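A look at the structure
Spelled out from the first residue to the last, the chains are:
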Amino acid sequence: KAPPENISRLINLYSQGHLSDALEKAQALAQQYPEGLDLELLVGVSVDTGQLDKTIIAFKRILTFQPDNADAYYNMGIVFQKQGKHDEEIASFEKSLIL
C-alpha cells in the first residue's frame, strides 16, 4: 500500500492545480503500489488533464496484480465512458458488478 505521505503529496499537487505532475506521480505510484492507490483520485487527475489513455494503462497494470479489484474495473468504466468507448465501458461496469 502506498505510504500516506505519498498520497498526501499527490493530493496537494492535484489541489494546487499541478495536474500533469499529479498524474505523473499517480502513475508512478500505481506501478509501485498497484494494491494501494486511491483509484478515484487517479481517475480525477486523468480526466482533468485529458490523459485518459494513460489512466487505462495504469488500471490494467493494477488489474494485473489484482484481477478481482471491482473498484478498478468500475473506475476504468468511468474513463471509457469519458472516452466514448461504450463497449469497453459496459464490459468494465459488468465485470465490476460481477466481482
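Residues numbered from 1 in each chain as written. Predicted model: local features only at pLDDT ≥ 70, side-chain atom pairs only at ≥ 80, totals over all residues. Heavy atoms only, no water.

A short note on the packing of aromatic side chains
In this description, an aromatic ring pair is defined by two values, namely the gap between the centres and the angle between the planes. Evaluated as defined, the whole model comprises 1 aromatic pair. Look at Tyr 74 and Phe 93: their rings are 5.4 Å apart centre to centre, the planes differ by 50°, and that puts the pair in the tilted class. In this pair, Tyr 74 is assigned in helix 5 (residues 70–83) and Phe 93 in helix 6 (residues 86–98), connecting sequence segments 19 residues apart. (Phe/Tyr/Trp six-rings, centres within 6.5 Å; stacked < 30°, edge-to-face > 60°. Helix = DSSP H or I, 4+ residues; strand = E, 2+ residues; numbered from the N terminus.)

Structural notes on the packing of helix 1 (residues 4–15) against helix 2 (residues 19–32)
Packing of helix 1 against helix 2 leaves a shortest axis separation of 8 Å and a crossing angle of 155°. Considering the angle they form, helix 1 stands roughly antiparallel to helix 2. By crossing handedness, the relation of helix 1 to helix 2 is classed as left-handed. Between helix 1 and helix 2, the contacting residues are Asn 6, Ile 7, Leu 10, Leu 13 and Tyr 14 on the first element and Leu 19, Asp 21, Ala 22, Lys 25, Ala 26 and Leu 29 on the second. Of the residues contributing to the contact of helix 1 with helix 2, the split by class is 8 nonpolar, 1 polar and 2 charged. (Axes fitted to C-alpha atoms, helices over the stretch in contact; angles between N-to-C directions. Parallel < 35°, antiparallel > 145°, perpendicular 65-115°, else oblique. Left-handed = near helix turned anticlockwise from the far one by under 90°. Contact = heavy atoms within 4.5 Å. Nonpolar A, V, L, I, M, F, W, Y, C, P; charged D, E, K, R; others polar.)

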